[in-house]
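An overview of the molecular structure
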Amino acid sequence: MVKFVPDVADKAAMIDGIERLFAPAAEIEGVHAVCVRRACVERENRDDAMIVMTMEEEALPRFDASQIHRVWKRDYARFAADKTIFDCRGEER
């Protein structure tokens, strides 16, 4: 999840770019799906976007070493006022 800095005037365009960047991530071995979700309300205490990736645990180092992740850090990190990274296994009951 990411909250953009106030300088991001066009959040929709920013998220469009994130969607394009992450779209090929499912081609990485062990990554099953990628979904970029947009916030449905704009409030000061809400994040702006969420990137959900379904992957095998062993795929995380491959994703971390990928061009996608490098571009994410290089081109988008400066626009994040805050971010949350949450890793979990499949649904547990």
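Structure first, text after, so check above.
Computed from a predicted structure; not experimentally measured.

Mapping D48 onto the fold places it in the loop between β2 (31-38) and β3 (49-55). Among the polar contacts listed, one links the side chain of D48 to the backbone nitrogen of F4, at a separation of 2.7 Å. If sequence neighbours within four positions are ignored, D48 has contacts with V2, K3, F4, K11, I15, R37, R38 and A39.

Glancing now at the packing of aromatic side chains. Applying the stated criterion across every chain, the model contains 3 aromatic pairs. Centre to centre, the rings of F22 and W72 are 5.5 Å apart; their planes meet at 75°, and the pair counts as edge-to-face. A residue pair is termed long-range when its members are at least 10 positions apart, and F22 in helix α1 (residues 11-22) and W72 in helix α3 (residues 67-76) qualify at 50 residues. By relative accessible area, F22 is classed as buried at 3%. Taking the relative accessible area as the measure of exposure, W72 reaches 13% and is therefore buried. Here the aromatic rings of W72 and Y76 are separated by 5.6 Å at their centres, their planes lie at 20°, and the arrangement is stacked. On the criterion of helical spacing, the pair formed by W72 and Y76 is a turn pair, its members being 4 residues apart in helix α3.

About the thresholds
- Residues numbered from 1 in each chain as written.
- Predicted model: local features only at pLDDT ≥ 70, side-chain atom pairs only at ≥ 80, totals over all residues.
- Heavy atoms only, no water.
- Helix = DSSP H or I, 4+ residues; strand = E, 2+ residues; numbered from the N terminus.
- Polar contact = N/O pair within 3.5 Å; in protein donor to acceptor, adjacent residues only side chain to side chain.
- Contact = heavy atoms within 4.5 Å.
- Phe/Tyr/Trp six-rings, centres within 6.5 Å; stacked < 30°, edge-to-face > 60°.
- Buried < 20%, exposed > 50% of the residue type's maximum accessible area, 1.4 Å probe, protein only.

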